[in-house]
Amino acid sequence: MAGPRPEYTAGLLRHFADLRDGTHGGASSRRDKERLFAEAVALLDPQARQVLDEINAYLLLDEGEVTATGVRPRHGGVEAVWALSWPAQQAAGINPIIIRAYYSAGAHHPHLQGGTVGDWPLNVFDEEQAAAELPTLRAVASADVHNLVFQRDYRIIPAISSGRTP
């Protein structure tokens, strides 16, 4: 295939090379890997907020609220969570839309996941790499909101309940 290599494949190659080398971004100690994780969270913050703000604006009609935890300890590891909650979701008794970055205690390297969807490698070390994660973060959040609708029904989405759909 001709043309430049897509950035997401570069991220996968960084991930697989780290597995091969027993490192994460060149770091081998847990402390250094956690430092890199904290830096990745800071780099991803604008992209994660952008994705959740897009869903809030276009699906939730600005009824939602985006929150972020920053890096915090969890079960011997560390995590950062961005969440989008809104009144209909809360009334339905289901979780908000979640984008989670985590580096669990026994893991070799960090990952991304949604509240209802699986894992993606998290190998972000600069702003360009963080920006390249925007499509992944959109996919995580979109899959999450899709699964939340299936936990209840389409009426939790204000753009549908209000009749403002195309």
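Here the structure is a predicted model, which is why all the values come from computation and not from measurement.

Calculation notes
- Going along each chain's sequence as written, the residues are numbered from 1 onward.
- Given that the model is predicted, a residue must reach a pLDDT of at least 70 before its local features are reported, and side-chain atom pairs must reach 80 or more before they are shown or counted; all residues, however, enter totals for whole chains, interfaces and linings.
- Think of the side-chain values as coming from all heavy atoms in the structure, minus any hydrogens and water.
- Where helices and strands are cited, they refer to DSSP runs of H or I of at least four residues and of E of at least two residues respectively, numbered from the N terminus.
- Each residue's exposure class comes from its accessible area (1.4 Å probe, protein chains only) as a fraction of the maximum for that residue type: buried when under 20%, exposed when over 50%, partly exposed otherwise.
- Note on contacts: a residue pair is in contact if any heavy atoms of the two residues lie within 4.5 Å.
- What qualifies as a polar contact is a pair of N or O atoms within 3.5 Å, subject to a donor-acceptor requirement within protein and to the restriction that residues adjacent in sequence count only when both atoms come from side chains.
- Think of it this way: a Phe, Tyr or Trp ring, Trp meaning its six-membered ring, pairs with another when their centres are within 6.5 Å, and the plane angle makes it stacked under 30 degrees, edge-to-face over 60, tilted otherwise.
- Here, a charge over a ring is recorded when the distance from Lys NZ or Arg CZ to the ring centre is within 6 Å and its angle to the ring normal is within 35 degrees.

A. Layout of the environment of Asp 45. Within the element layout of this structure, Asp 45 appears in helix 2 (residues 30-58). Overall, the relative accessible area of 22% leaves Asp 45 in the partly exposed class. Sequence spacing of Asp 45 and Ala 130 is 85 residues, and the spatial spacing of their C-alpha atoms is 8.9 Å. Not counting chain neighbours up to four residues away, the residues in contact with Asp 45 comprise Ala 68 and Trp 82. A distance of 2.9 Å separates polar atoms of two side chains, one belonging to Asp 45 and the other to Arg 49. A distance of 2.7 Å separates a polar atom in the side chain of Asp 45 from a polar atom in the side chain of Trp 82.

B. Inspection of the packing of aromatic side chains at higher detail. Counted by the stated rule, this structure contains zero aromatic pairs. The cationic tip of Arg 30 hangs over the ring face of Tyr 103; the distance from NZ or CZ to the ring centre is 3.6 Å. In this arrangement the basic side chain of Arg 155 is found over the ring face of Tyr 154, its NZ or CZ atom lying 5.4 Å from the centre.

Distances and angles like these do not, on their own, reveal function.
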